[in-house]
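Residue-level listing of the chains:
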Amino acid sequence: MADVEETLKRIQSQKGVQGVIIVNSEGIPIKTTLDNTSTVQYAGLIQQLVLMARSTVRELDPQNDLTFLRVRSKKNEIMIAPGEGRPGTKVRASPQKC
Amino acid sequence: MAPKKQRRSRSAARRQEKSQPHCIYPLALTSATQELFECRADEDVTRDRPYKLLRKHAIIQDIKTRAAVSDFSPVEQILLDYAEEEILLVFDNDSAFGQSFYLDLTPEAKHRLTKLHDSELFEDEMRKTPEPKNSTSFITEKEIEQESVKEREKLRLKFSRLQVELGTPVSLSDYNVADSKHNYVEFPSYQDNRSFIKVMQRDCGIQAVSRLQSDATQTAWKPKKNDFTQYSPQEFSQEEKEAIIQSESLKNFSKSVIPRVLCALQQQEIGDVFVDDFEALGTAADAGDLPGQTSDLLVFHKGFTDKMHTKDRKISCVNWHPTIPGVIAVALTTKKGEELIDSAVFGSRPSYIVVYSFSFPTNSQLLLRSPGDILCFEFCPSNPNVIAGGCINGQVVLWDISAYVTCLQGTQPSGTHSSDNKDTFNFDEKKAGTPTVDFSAMSDIKATHKARITDIHWLLPSVQVSSAGVPVENTSNISVQIVTCGLDGTIMFWDLRVPTVPEQPLAATKQEVDQRTTGTSWSVPQPFKHLRSTWKPLFKMDFSDEHVPVKFSMDLCTCHRNTAKELSENQPDYSQLRIPPANEMRVLEDVNTRFYAGTEDGEIIYIDWKVGKDESGQQFSPKPLVCVRAHLMMVNTVQRSPFFQDIILTSGPLHFAIWKEGVTEGPLVKSQWSGDEITMGCWSLSRPAVFFIGKANGCLEVWNLLENGVKPVHVQMHITSSRITCLKPWAMSLRKHFLAVTNDLGSLRIFEILRTLYHPSKNELSRMEKYFEMETDYLRFWQDKEKLWSKEKKVAEKPEQKNVEPSRSIKSVSTAEEQELKKYNDFKMFEESILKEMGLWPSAGSKNTSNPIHKMD
């Protein structure tokens with residue numbers, strides 16, 4: 001538990017990171033550093049994306065599996081790291097100044 | 001017939017008989033004759049029937065044919081005499097009279113024979129019924145049948161009584177025809193109801209009926225549709241969360257996943273993923289024009305000259321009207337040769353400010369008359385109908401053109417009704433046509449500048465200056481204050497309003513002023529009447545010939561600032577305004593009271609006009625904070641950049657320089673001597689890095705600091721025929737940018753700025769900022785280095801040069817300095833070239849926040 005907390009803190013303290021969410025395999029958030037509404041929204045929306053991405057990768061090559069998913073937008077970037085059972089952490093990063 | 005014949009034969013016979021008893025003539029008939037007359041012995045005639053009637057005609061005939069041979073020849077004569085037709089021939093079997101036959105011609109025999117004859121005839125006839133001829137009949141048998149009446153079949157009629165009457169007595173009676181009414185009984189025919197007519201043909205109609213028929217029905221089926229859905233997310237309760245967090249699986253998960261996340265974040269830091277390099281490349285392509293395009297970035301648009309007034313004049317100042325598009329005003333002054341004329345006396349030709357409008361390029365729209373040559377003027381930012389100008393005799397002149405604004409705005413030209421587009425107009429007509437506005441107010445000659453006014457500016461509406469020289473808040477939000485500077489070495493602040501406490505008795509000065517100004521007639525309403533009597537400057541700064549300011553630029557002046565666009569609609573009545581007393585106004589502390597001024601000697605001074613108090617409590621004129629001899633001769637431009645409040649462009653005859661406020665070491669950028677005298681400079685209104693430099697030979701240079709800091713980006717040769725005296729850009733709309741260029745001959749030319757020049761390149765503002773920062777760094781660095789080197793040199797050379805050659809040390813120091821300067825310049829060039837090569841010259845500033853090359857220690 002302490003490790004988890006510690007690593008979360010480490011991630012959070014990185015430059016440009018807006019928040020971290022840990023989500024279980026069904027998409028229910030377990031731990032988060034953002035506010036509740038945003039967390040829930042993120043969790044719900046990204047759940048399907050991860051499933052789709054994972055299925056894509058696996059269909060193309062069944063031996064393969066999704067390791068990381070980055071969604072880059074104009075304003076920020078969402079990083080998703082899926083675990084075996086749970087589609088894991090989501091990190092919101094903001095871009096650096098141009 | 002036969003009986004006649006019989007009688008003939010009998011008569012013949014009788015004659016014979018006479019000879020013989022009673023005309024019996026015996027004949028022998030041959031068998032042939034017997035056969036002929038059908039009296040063959042024992043066949044036709046027999047004993048029982050011996051009598052045969054012969055026809056007389058036949059016998060005669062026979063006699064004729066057979067003449068002598070005939071058996072009847074002996075009796076021929078008798079026969080001829082015989083009267084009867086028929087003759088009786090008797091068979092005599094016994095041959096009583098000699099022969100086998102005899103003709104009996106006696107009358108008794110006749111009678112006897114006639115009876116016999118009749119019976120014989122009858123038998124003969126009976127035997128000789130004529131056979132029906134089988135020949136063709138003329139009528140057919142059918143017709144015969146038709147005509148013939150046949151018996152119809154017999155009718156059987158059965159009469160029966162009605163069932164009702166059965167059993168009742170019947171009475172029968174006769175009915176006679178005569179009893180009937182009409183004497184006849186008829187059974188008329190009637191049409192039988194029973195149809196006997198067979199229907200052979202009947203009209204029939206047939207219609208085909210389709211077996212299938214399409215039909216439609218519509219049901220009002222309302223499909224079920226969700227109107228509202230409301231859902232709430234699934235969430236774990238706190239305990240569940242705790243439980244999960246504690247679980248082993250989470251730990252394993254985090255161990256496996258977290259490193260990836262960290263790796264990704266690190267990548268993020270290393271390279272900024274949000275910068276599109278390709279896009280960033282595009283800046284060079286959009287900013288510059290492709291080779292082969294038109295070389296002129298300024299396209300001649302219009303030219304304005306006023307033949308009447310611009311003859312032998314040069315234009316000293318040009319200004320665009322702030323609100324009305326396409327209206328431009330120029331101030332005309334006499335050329336140098338005529339300056340000696342005393343400008344206090346009305347010259348033979350009064351000076352004008354001519355106002356042109358784009359709608360009527362041929363003639364001027366408005367003339368503003370002034371007592372002397374106007375060297376500079378400006379439109380009031382809050383009320384564009386008020387124009388303030390600085391006169392050659394040191395007075396400040398005000399005009400009010402509110403009566404003629406409609407002329408400028410509208411399509412109707414001023415005054416003239418007929419053919420103003422043609423060139424054939426009367427000079428008189430034109431003179432009468434163009435309205436002239438006289439000045440509304442003039443400053444008090446005693447209190448005003450002693451020499452010509454060289455620069456004039458309006459203060460922004462937000463700030464005003466009190467009589468004590470302290471910036472205070474301006475609640476009325478209109479520009480009422482003017483700042484002027486003149487060649488007498490003073491800067492004066494003027495206020496349009498009447499002071500609450502008049503300082504001097506008005507009566508004495510009023511008359512003097514009236515005397516001076518009686519020459520002109522006042523037809524238009526003067527809003528500045530209150531100023532006419534005495535208009536003194538509010539506040540004065542005296543440099544007393546040390547630094548004679550020629551041009552200045554204040555932060556508080558409008559200078560094309562886009563923010564000061566809200567103009568009050570209702571023009572205030574200036575006579576009613578009063579300067580509020582000093583203690584009522586709120587002092588603004590954060591206003592920048594320092595300004596830059598260019599002097600007659602070519603110095604740029606940075607000075608604070610806020611009055612300070614020295615120990616004795618008296619006010620003293622401030623000393624300049626910074627004074628740099630940047631230009632060698634009279635400065636002709638001091639202008640702030642419209643984008644950066646602290647960047648100032650100054651130009652002198654030889655160079656131009658860019659200064660940053662606060663940087664006291666010197667100019668950020670200083671140009672090299674290019675060979676031609678620079679007469680004017682002005683910033684571009686839309687591009688932070690671009691400015692225009694006008695030259696004495698009529699060329700216009702376009703400089704772009706971001707592209708090339710050493711030479712102009714574009715040179716447009718000879719856009720005017722003579723020396724350029726004034727440049728003013730203006731943006732009429734988003735796409736139309738104009739540059740007004742005036743020259744020595746009094747003509748005004750408007751050029752249209754093409755897109756490449758007015759459209760800012762990417763991030764130009766930020767790049768310019770960086771550029772200026774870099775330049776300041778350079779400057780500071782160089783200054784430090786210089787100081788260091790000079791110190792070093794002094795230290796090094798001090799023991800040597802203590803005695804021997806102080807001059808040489810100075811010389812060496814100076815040569816050392818020169819050498820260092822040379823080295824530095826070389827180094828700068830070298831660095832520039834390298835950076836350009838590397839592509840790091842001030843384009844994409846994203847990667848390097850600090851220039852590593854500068855950190856040389």
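Residues numbered from 1 in each chain as written. Chains lettered and ligands numbered in written order. Predicted model: local features only at pLDDT ≥ 70, side-chain atom pairs only at ≥ 80, totals over all residues. Heavy atoms only, no water.

K.L.:
Lay out the overall build of chain A in plain terms, naming residues and giving numbers.
P.N.:
Helix and strand counts for chain A stand at two helices and five strands. For chain A, the α and β elements follow one another from N to C terminus as α-β-β-α-β-β-β. When burial is assessed residue by residue, chain A has 46% of its 98 residues classed as buried. Relative to all contacts within chain A whose residues are 6 or more apart in sequence, the contacts with residues 24 or more apart total 34%. As displayed, chain A has an accessible area near 5,500 Å², and 52% of this comes from carbon and sulfur atoms. (Helix = DSSP H or I, 4+ residues; strand = E, 2+ residues; numbered from the N terminus. Buried < 20%, exposed > 50% of the residue type's maximum accessible area, 1.4 Å probe, protein only. Contact = heavy atoms within 4.5 Å. Areas by Shrake-Rupley, 256 points an atom, 1.4 Å probe, with all protein chains shown as cover.)

K.L.:
Could you give me a rundown of the overall build of chain B, with the residues and numbers involved?
P.N.:
Of regular secondary structure, chain B possesses 16 helices and 37 strands. Per-residue burial over chain B gives 45% buried out of 857 residues. Long-range contacts, defined here as pairs at least 24 residues apart, represent 66% of the contacts in chain B between residues at least 6 apart. As displayed, chain B has an accessible area near 50,200 Å², and 52% of this comes from carbon and sulfur atoms.

K.L.:
Summarise the sheet that holds strand S35 (residues 724-731) of chain B; cite the residues concerned and give the values.
P.N.:
The pairing of strands in a sheet comes from backbone hydrogen bonds and takes either a parallel or an antiparallel form. Residue and element names in this part refer to chain B. One open sheet accounts for four strands, arranged S5-S37-S36-S35; its pairing is antiparallel. The strands lining the two open edges of the sheet, one partner per strand, are strand S5 (298-304) and S35. Going from strand to strand, the sheet's axes swing by 25° on average, the running direction of each strand aside. Where S5 and strand S37 (residues 748-753) come together, six bridges link them in antiparallel fashion. Note on S37: the bridge partner recorded for Phe304 is Leu748. (Pairing = 2+ DSSP bridges. Axes fitted to C-alpha atoms, helices over the stretch in contact; angles between N-to-C directions.)

K.L.:
Lay out the confidence of the model for chain B with the relevant residues and their values.
P.N.:
On average, residues of chain B carry a pLDDT of 71, and 68% of them reach 70 or more. Taken over the whole predicted complex, pTM reads 0.48, whereas the ipTM for its chain interfaces reads 0.74. (pLDDT = per-residue confidence, 0-100.)

K.L.:
So what's going on with the nonpolar core? Residues and values would help.
P.N.:
Grouped together as the largest cluster of nonpolar side chains are 34 residues, with contacts concentrated most on Phe692(B), Leu727(B), Leu739(B), Leu748(B) and Ile750(B). Non-local contacts of Leu739(B), meaning those with residues more than four positions away in its chain, are made with Leu298(B), Trp320(B), Cys682(B), Phe692(B), Leu700(B), Leu727(B), Lys728(B), Pro729(B), Arg749(B), Ile750(B), Phe751(B) and Ile753(B). (Core = buried A, V, L, I, M, F, W, Y, C linked by side-chain atoms within 4.5 Å.)

K.L.:
So what's going on with the environment of Lys450(B)? Which residues, and what values?
P.N.:
Take Lys450(B): it is sitting in the loop between strand S14 (441-442) and strand S15 (453-458). Exposure remark for Lys450(B): the relative accessible area of 59% places this residue in the exposed category.

K.L.:
Pulling in residues and values, what's your account of helix H2 (residues 36-60) of chain A?
P.N.:
Residues and elements named next belong to chain A. With 25 residues, H2 extends 36 Å from end C-alpha to end C-alpha; this agrees with the ideal 36 Å at 1.5 Å per step. Roughly 30° is the biggest bend found in H2, and it falls at Ile46. Within the sequence span of H2, burial applies to Ser38, Thr39, Val40, Tyr42, Ala43, Ile46, Gln47, Val50, Ala53, Arg54 and Val57. (Expected span 1.5 Å × (residues − 1). Bend = angle between axes of the 7 residues up to and from the residue.)

K.L.:
Summarise the pattern of salt bridges; cite the residues concerned and give the values.
P.N.:
Applying the stated criterion across every chain yields a total of nine salt bridges over all chains. Arg54(A) is paired through a salt bridge with Asp65(A); the nearest N and O atoms lie 3.4 Å apart. Of this pair, Arg54(A) sits in helix H2 while Asp65(A) is found in the loop between H2 and strand S3 (69-72), placing the two residues eleven residues apart along the sequence. For Arg54(A), a relative accessible area of 16% gives the class buried. Where Lys836(B) meets Glu832(B), a salt bridge forms, and the shortest distance between an N and an O atom there is 3.6 Å. Here Glu832(B) and Lys836(B) lie together in helix H16 (residues 806-838), a separation of four residues that amounts to about one turn. The class for Lys836(B) is partly exposed, based on a relative accessible area of 39%. Salt bridges sharing common partners tie together Arg54(A), Arg58(A) and Asp65(A). (Salt bridge = Lys/Arg side-chain N within 4 Å of Asp/Glu carboxyl O.)

K.L.:
I'd love a proper account of the environment of Ser466(B), names of residues and values included.
P.N.:
Considering the arrangement of structural elements, one finds Ser466(B) in the loop between strand S16 (463-465) and strand S17 (471-473). Distance in space between the C-alpha atoms of Ser466(B) and Phe539(B) is 7.9 Å, their sequence separation being 73 residues.

K.L.:
Can you explain the side chain of Thr490(B)? Please cite residues and give values.
P.N.:
Among the structural elements, Thr490(B) can be located in strand S19 (residues 490-495). Those residues within four positions of Thr490(B) in sequence are excluded, and the remaining contacts are His449(B), Thr484(B), Cys485(B), Lys540(B), Met541(B), Asp542(B) and Pro549(B).

K.L.:
For the packing of aromatic side chains, give the residues involved together with the corresponding values.
P.N.:
All names here are of chain B. Tallying each qualifying case throughout the model produces eleven aromatic pairs over all chains. Seen from their ring centres, Phe656 and Phe691 are 5.0 Å apart, and the 75° between their planes marks the pair as edge-to-face. One end of the pair, Phe656, is in strand S29 (residues 656-660); the other, Phe691, is in strand S32 (residues 690-695), with 35 residues separating them in the sequence. Note on accessibility: Phe656 and Phe691 belong to one class, buried. Linked through ring pairs, Phe656, Trp683, Phe691 and Trp703 together constitute an aromatic cluster. (Phe/Tyr/Trp six-rings, centres within 6.5 Å; stacked < 30°, edge-to-face > 60°.)

K.L.:
So, a nonpolar patch on the surface: which residues are in play, and what are the values?
P.N.:
All names here are of chain B. A surface patch of nonpolar side chains, about 590 Å² in accessible area, is lined by Tyr175, Val177, Tyr184, Val185 and Phe187. By the secondary structure assignment, Tyr175 is in the loop between helix H6 (141-147) and helix H7 (238-246). On the basis of relative accessibility, which here comes to 57%, the residue Tyr175 falls in the exposed class. (Patch = residues over 30% accessible without salt bridge, like charges linked within 9 Å, V, L, I, M, F, W, Y side chains within 5 Å.)

K.L.:
I'd like a description of the sheet that holds strand S8 (residues 351-357) of chain B, backed by residues and values.
P.N.:
Sheet architecture is open: five strands sit in the order S6-S7-S8-S9-S13 (chain B), paired in mixed fashion. Strands with a single pairing partner mark the edges of an open sheet, and in this sheet they are strand S6 (313-320) and strand S13 (436-437) of chain B.

K.L.:
Break down the pairing of strand S31 (residues 678-683) of chain B for me, with residues and values.
P.N.:
All names here are of chain B. Burial of S31 is extensive: six of the six residues sit out of reach of the surface. The sheet contact formed by S31 and S32 spans five bridges and is antiparallel. Bridged to Trp683 within S32 is Phe691. Linking two consecutive strands that pair antiparallel, namely S31 and S32, is a turn of six residues.

K.L.:
Outline helix H3 (residues 56-66) of chain B, supporting the account with residue identities and numerical values.
P.N.:
All names here are of chain B. Of all the residues in H3, the buried ones are Lys56, Ile59, Ile60, Asp62 and Ile63. Seen along its axis, H3 keeps its buried residues to an arc of 160°; they face one direction. The exposed residues of H3 that point more than 90 degrees off its buried face are His57, Lys64 and Thr65. Ala67 lies just past H3 and shows a positive phi near 35°. (Arc of directions from axis to C-beta.)

K.L.:
Before we move on, can you summarise the pairing of strand S36 (residues 737-743) of chain B with the specific residues and values?
P.N.:
Residues and elements named next belong to chain B. Here S36 lies mainly inside the structure; seven of its seven residues are buried. A two-sided burial pattern is seen for S36, the buried positions comprising His737, Leu739, Val741 and Asn743 on one face and Phe738, Ala740 and Thr742 on the other. Of the strand pairs in this sheet, S35 and S36 are connected by seven bridges, and their pairing is antiparallel. Residue Trp730 lies in a different strand from S36, and its bridge partner there is Phe738. Here S35 hands over to S36 after five residues, the two strands then running antiparallel side by side. Relative to S37, S36 runs antiparallel, the two being bridged by six bridges.

K.L.:
I'd like to hear about the confidence of the model for chain A, residue by residue, with values.
P.N.:
Averaged over all residues, the pLDDT of chain A equals 80, while 84% of them reach at least 70. The element-level mean pLDDT for chain A is lowest in strand S5 (residues 89-93) of chain A, coming to 65, with H2(A) highest at 89.

K.L.:
How would you sum up the environment of Thr362(B)? Please name residues and give values.
P.N.:
All names here are of chain B. Here Thr362 lies in the loop between S8 and strand S9 (366-370). Assessed through its relative accessible area of 28%, Thr362 is described here as partly exposed. Sequence separation of Thr362 and Asp306 is 56 residues, and the distance between their C-alpha atoms is 7.7 Å.

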